[in-house]
Amino acid sequence: MEVKPGYKQTGVGVVPVDWDVRRLDDATEPHRPICYGIVQTGPNVQNGVPCLRVVDINDGIISKTELIRTSTRISDSYRRTVLKAGDLVMPLRGKVGDVAIIDKDLEGANLTRGVALLAIRKDLSGPFFRHFISWSTTRRRLEQSMNGSALQEIPIATLRGFEIATPRSETERCVIAAALNDADELLSGLDRLITKKRDLKQAAMQQLLTGQTRLPGFHGEWQVKPLGQLIVDCFSGATPRRNRPDYFKGDIRWITSGELNYNVITDTIEKITSEAAARTNLTLVPKDTFLMAITGLEAEGTRGACGIVGVPSTTNQSCMAVFPTSELITTYLFYYYVFRGKALALQYCQGTKQQSYTAKLVKQLPIQLPPTPAEQTAIAEVLSDMDAELAALEQRRVKICGLKQAMMQELLTGKIRFV
């Protein structure tokens with residue numbers, strides 16, 4: 001491939017001629033080499049030294065709420081990984097390339113065996129290195145350098161020799177980092193807003209679905225009824241024979257409990273043929289049907305899971321389709337189960353190894369109801385509007401993430417230069 005004037009081909013791709021390719025160990029402070037942290041942290045010591053684990057780093061942000069703590073004696077024996085403000089830390093396994101920068105609140109903390117310290121020299125701009133390492137292209141290179149049989153991770157020796165392209169100009173490094181920091185700030189602001197909106201929705205469900213707060217124009221006593229008095233039918237689906245691969249090459253949507261994510265389901269991972277549906281006695285569930293997970297309820301991700309059918313579909317045996325009478329509005333049932341589903345499952349599901357619902361148990365589930373379907377509809381509309389606002393914010397976040405990746409592709413290869 002021909003390289004245009006002003007650029008050169010390197011081991012990390014095409015970059016401007018006035019950029020250098022550096023090994024990471026050449027970019028770090030000599031007295032603080034790249035290394036991992038404490039191998040055995042000992043018991044969790046109250047008021048001890050915080051220790052960062054792989055699970056504490058997510059999307060470049062360190063969760064400080066549940067950090068484990070070790071003794072000062074153990075931390076002192078790993079002095080090289082005692083953290084300073086401005087240090088970079090990176091998981092050696094899992095989401096490699098998910099680099100976080102240490103702030104003043106975590107000065108004096110330490111690392112565990114699965115996290116590496118990158119003490120970038122002050123003259124080379126740690127924020128620039130953080131963005132370059134977290135760039136999707138660099139992450140792929142890091143993933144390719146992982147090894148190990150039972151546990152895939154990046155060896156420290158490999159990380160020390162890992163190459164990064166950097167502008168020679170300190171000003172250019174700082175300007176690139178500042179531009180990408182601005183994108184991160186925008187994303188952080190959206191994350192805070194999304195969290196706030198989710199909290200507001202949770203508070204609204206607490207108030208509206210229990211009758212503690214009434215919408216204007218509605219009065220009368222609420223009731224608690226078993227679901228069996230409010231539905232005309234409920235049934236689960238089935239799984240076509242797996243030894244017939246042709247059964248799973250059709251166009252009929254087939255919903256599993258793993259696809260119930262408090263959502264409207266418009267497509268499915270697997271689709272079956274009409275023959276598979278007929279041979280398995282599967283019923284096509286109509287649009288706007290409420291579905292709830294009924295098996296595997298011992299698992300946090302499945303307990304209380306539910307959804308609404310967006311396109312006529314079949315389901316497997318882990319999904320229960322529920323058909324209300326005119327006394328119960330489907331969207332109200334959906335939001336009520338979103339609010340109370342986990343607690344109800346803990347109280348009503350049965351089983352020793354696998355916690356499940358039967359149709360009989362589902363009919364026993366209690367539900368709080370306002371006196372009229374009109375009030376149910378009004379409550380559901382308020383919560384639906386909040387969901388729409390959240391969906392718009394989340395969609396905006398996805399777009400900004402895409403824009404940031406496009407910026408990184410241009411800025412971190414020198415295709416766009418700041419003058």
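Everything in this summary refers to the structure shown in the same document.

Thresholds, definitions, all that
- Residues numbered from 1 in each chain as written.
- Predicted model: local features only at pLDDT ≥ 70, side-chain atom pairs only at ≥ 80, totals over all residues.
- Heavy atoms only, no water.
- Helix = DSSP H or I, 4+ residues; strand = E, 2+ residues; numbered from the N terminus.
- Buried < 20%, exposed > 50% of the residue type's maximum accessible area, 1.4 Å probe, protein only.
- Contact = heavy atoms within 4.5 Å.
- Areas by Shrake-Rupley, 256 points an atom, 1.4 Å probe, with all protein chains shown as cover.
- Lys, Arg positive; Asp, Glu negative; His and termini not counted.
- Charge placed at Lys NZ, Arg CZ, Asp CG, Glu CD.
- Expected span 1.5 Å × (residues − 1).
- Pairing = 2+ DSSP bridges.
- Axes fitted to C-alpha atoms, helices over the stretch in contact; angles between N-to-C directions.
- Parallel < 35°, antiparallel > 145°, perpendicular 65-115°, else oblique.
- Left-handed = near helix turned anticlockwise from the far one by under 90°.
- Nonpolar A, V, L, I, M, F, W, Y, C, P; charged D, E, K, R; others polar.
- Salt bridge = Lys/Arg side-chain N within 4 Å of Asp/Glu carboxyl O.
- Core = buried A, V, L, I, M, F, W, Y, C linked by side-chain atoms within 4.5 Å.

1. Looking at the overall build of the protein chain
Scanning the protein chain from terminus to terminus reveals 10 helices and 23 strands. Across its three principal axes, the protein chain shows a C-alpha extent of roughly 75 × 55 × 45 Å. Going through the 419 residues of the protein chain one by one, you find that 46% of them count as buried. For the protein chain, contacts bridging at least 24 residues in sequence account for 75% of all contacts bridging at least 6. Carbon together with sulfur atoms contributes 52% to the accessible area of the protein chain, which is approximately 20900 Å² in total. Charge centroids of the protein chain, computed over 52 positive and 45 negative side chains, lie 4 Å from each other.

2. Focus on helix α10 (residues 373-411)
Residues lying three or four places apart along an α-helix face the same way, a consequence of the helix completing one turn every 3.6 residues. With 39 residues, α10 should reach 57 Å at 1.5 Å per residue; the first-to-last C-alpha distance of 56 Å fits that figure. All of the buried residues in α10 are Glu-375, Gln-376, Ala-378, Ile-379, Ala-380, Leu-383, Leu-390, Leu-393, Ile-400, Lys-404, Met-408 and Leu-411. Next to the buried residues of α10 lie β3 (19-23), α3 (126-134), α6 (170-208), α8 (330-348) and β23 (366-369).

3. Concerning the sheet that holds strand β21 (residues 314-315)
Overall, mixed pairing links the 3 strands, which are arranged β18-β16-β21 in an open sheet. Whereas interior strands pair on both sides, the edge strands pair on one side only; in this sheet they are β18 (270-272) and β21. Sheet analysis places strand β16 (residues 252-255) next to β18, joined by 3 bridges and oriented antiparallel. Within β18, the residue paired with Ile-252 across the bridge is Ile-272.

4. Re the environment of Arg-140
Note on placement: Arg-140 falls in helix α4 (residues 136-144). By relative accessible area, which is 46% here, Arg-140 ends up partly exposed. Considering only alpha carbons, one finds Arg-140 and Gly-97, 43 residues apart in sequence, at a separation of 8.7 Å.

5. Remarks on the packing of α6 against α10
Viewed as axis vectors pointing N to C, α6 and α10 meet at an angle of 165 degrees, and their least axial separation amounts to 10 Å. One way to sum up the angle between α6 and α10 is to call them roughly antiparallel. Along this stretch, α6 crosses α10, giving a crossing that reads as left-handed. Tallied by class, the residues present in the contact of α6 with α10 amount to 24 nonpolar, no polar and 11 charged.

6. Notes on the pattern of salt bridges
Side chains that differ in charge, positive against negative, can pair when their charged atoms come close. On inspection of all chains with the given rule, the structure shows 33 salt bridges. Between Arg-32 and Glu-29 there is a salt bridge whose closest N-O contact spans 3.7 Å. For Asp-59, the salt bridge identified is with Lys-95, shortest N-O distance 3.2 Å. Taken as a pair, Asp-59 in the loop between β6 (57-58) and β7 (61-62) and Lys-95 in the loop between β9 (88-91) and β10 (100-101) lie far apart in primary sequence, 36 residues in all. The exposure class of Asp-59 is exposed, given its relative accessible area of 54%. Shared partners join several salt bridges into a network, and the residues in it are Asp-59, Lys-95, Asp-98 and Arg-139.

7. So, the nonpolar core
The biggest cluster of nonpolar side chains holds 51 residues, and the ones touching the most others in it are Leu-209, Phe-290, Met-292, Val-322, Tyr-332 and Tyr-357. It is α8 that contributes the most residues to this core, 10 residues altogether. Beyond its immediate chain neighbours, meaning those up to four positions away, Phe-290 contacts Cys-306, Gly-307, Ile-308, Met-320, Ala-321, Val-322, Thr-330, Leu-333, Phe-334 and Tyr-337.

8. A short note on the side chain of Asn-316
One can find Asn-316 in the loop between β21 and β22 (319-324). A relative accessible area of 8% means that Asn-316 is categorised as buried. Setting aside residues up to four positions removed in sequence, Asn-316 forms contacts with Ser-236, Gly-237, Ala-238, Thr-239, Trp-254, Ile-255, Thr-256 and Ser-257.

9. Thoughts on the sheet that holds strand β19 (residues 290-293)
If you walk across this open sheet you meet the 5 strands as β15-β22-β19-β20-β17, and the pairing is mixed. If you trace the sheet from one side to the other, it starts and ends with β15 (231-236) and β17 (263-265), each paired once. Sheet twist, expressed as the mean angle between neighbouring strand axes with direction ignored, is 30 degrees. Here β19 pairs with β22 via 4 bridges, running antiparallel. For Met-292, the partnering residue across the bridge sits in β22 and is Met-320.

Purely geometric numbers; function is a separate question.
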